[in-house]
Amino acid sequence: MSSFKDIHHQRISHMTASKSTTMNESDEVLPRTPNDKEAFARLLWINQCYEAMPSSSKMVVFDQGLLMHKAFNGLLAQSTRHVLLSDPESGGKLDGILSVTDFIKVMLKIYRDRATAGENKERNELDMSQIANEEIGNLTIRQYRDLVRREGNLKSLVSVDASSSLLDAACILAENRVHRIPVIDTHDGSALFILTHKRILKFLWLYGKHLAPLEYLHKSPKELGIGTWSGIRVVFPDTQLVDCLDILLNKGVSGLPVVERDTFKVVDMYSRFDAVGIALENRLDITVKEALAFKSQGGPMQNDERVVSVRDNESFWKAVNVLVDHNVHRLCAVNEHGGIEGVISLSDVINFMVVQPGSHLRNITPPKKHWARHHVGDMSDKELREILLTNATNFEQESNSSSSASVSTLPVSQNSYSKHPPSHH
């Protein structure tokens, strides 16, 4: 039997010729009542991780012997939020992730060390060549991770087998409070692809839109208790970038709405991924507005996330539609004046739709799926490969052809924020 890795690497051809193998729904998946909140969880319960595998994807793996400043150059060159780490001392076993969060940690440490030493403003300018001259920039990834481990902040690599259910993966993401998880080939331990909240939501949207409970169509996220509606962390255009990065690093958020100081109208979003652009801006002693101006000029690391919003009284299903259609990690819920009222993230949505109602299913063996095409006896390697290729291709084609959703754009009104503003930093 071919490994999942073999299947993954041989999917360049066969992209349009295979017969459909989409599963027929069983009674286990179909809603049992008009407000059956468990249906989405059952859909993921009977589908394995490899069935959400993209038809093409990019994974970057770094050796832990690589110097940190070269690793960050690699993040820039690959325009990626994260890279997997392998340990040559353990036969190349994957045992960690280096992400934009590590980039922020290093940049802030260098900046603050210089400020403590009383160096002048010009020395606070940072670029990759200067990081190479810093002690931390010349540490290997392994040495850097040892420092983080001694601080008690190193997280073990969390992964999931390709044959595990998508429900398992969603629950593991929630339990470990992470945004992505490597899907591992059980045959040789190599990574096949990275599964994210975004990928799981797209899977649900393509194959389970008709499973939505009635209250999803009629109640707002706030009424259902989805998202953050108080104590929202925001920044202002004149907030110092260092303070913004500190919130991203230490307050458990991956993106911050940028709002007008007087009206709390949302004007932009600053995320952890935007921090990679610091290396191109070459300095930290600037405001969020100045950092965003660089981003809006279309630099090499231009952010792929925009300010996407819905009205605070829109239905939850409308919010899901907007998240999928705009391919973003979070959206803002705004009032009639464009003022921030709430923030809804992908993890909020997946936890509500899948993890909370369906985590108990993980201890139950799922039923066998029924395929539209009948298979007699054991499938050959060729037949199995054809099934996986077709599923992945159909996934991508349906995703690309899905209808666009109407979006509640931020109004241009300059009226003041009408309520007491949320707490901020």
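Within each chain, residue numbers correspond to sequence positions counted from 1 in written order. In keeping with the model being predicted, local features are shown solely for residues with a pLDDT of at least 70 and side-chain atom pairs are shown and tallied solely at 80 or more, while totals for entire chains, interfaces and linings include all residues. Remark: hydrogens and water are excluded; side-chain values derive from all non-hydrogen atoms of the structure.

**Student:** Quick rundown of the pattern of salt bridges? Include the residues and the values.
**Tutor:** Side chains that differ in charge, positive against negative, can pair when their charged atoms come close. Think of a salt bridge as a Lys or Arg side-chain nitrogen and an Asp or Glu carboxyl oxygen that are within 4 Å of each other. With the rule as written, the count across this model stands at 14 salt bridges. Put simply, lysine 37 and glutamate 215 hold a salt bridge, and the shortest N to O gap is 2.8 Å. With lysine 37 in the loop between β1 (23-24) and α2 (39-45) and glutamate 215 in helix α9 (residues 214-218), this pair connects stretches of sequence that are 178 residues apart. Throughout this description, buried means an accessible area under 20% of the type-specific maximum (1.4 Å probe, protein chains only), exposed means over 50%, and partly exposed covers the range between. In this structure lysine 37 comes out as partly exposed when scored by relative accessible area, which is 35%. Between aspartate 87 and arginine 142 there is a salt bridge; the shortest N-O distance is 3.1 Å. With aspartate 87 in strand β3 (residues 82-87) and arginine 142 in helix α6 (residues 141-150), this pair connects stretches of sequence that are 55 residues apart. Looking at aspartate 87, the relative accessible area reads 11%, which means it is buried. You can call arginine 142 partly exposed: its relative accessible area is 22%. Among the ionic contacts, a cluster of salt bridges with common partners joins Arg32, Asp36, Glu38 and Arg42. Numbering of helices and strands runs from the N terminus; a helix is a DSSP stretch of H or I covering at least four residues, while a strand is a stretch of E covering at least two.

**Student:** Quick rundown of the sheet that holds strand β7 (residues 191-196)? Include the residues and the values.
**Tutor:** DSSP bridges decide pairing: two strands pair if at least two such bridges lie between them. The strand order β5-β6-β7 describes an open sheet built from three strands, whose pairing is mixed. Of all the strands in the sheet, just β5 (160-161) and β7 have a single pairing partner and so form its edges. Relative to β7, strand β6 (residues 180-184) runs antiparallel, the two being bridged by five bridges. If you follow proline 182 over to β7, its bridge partner there is isoleucine 194.

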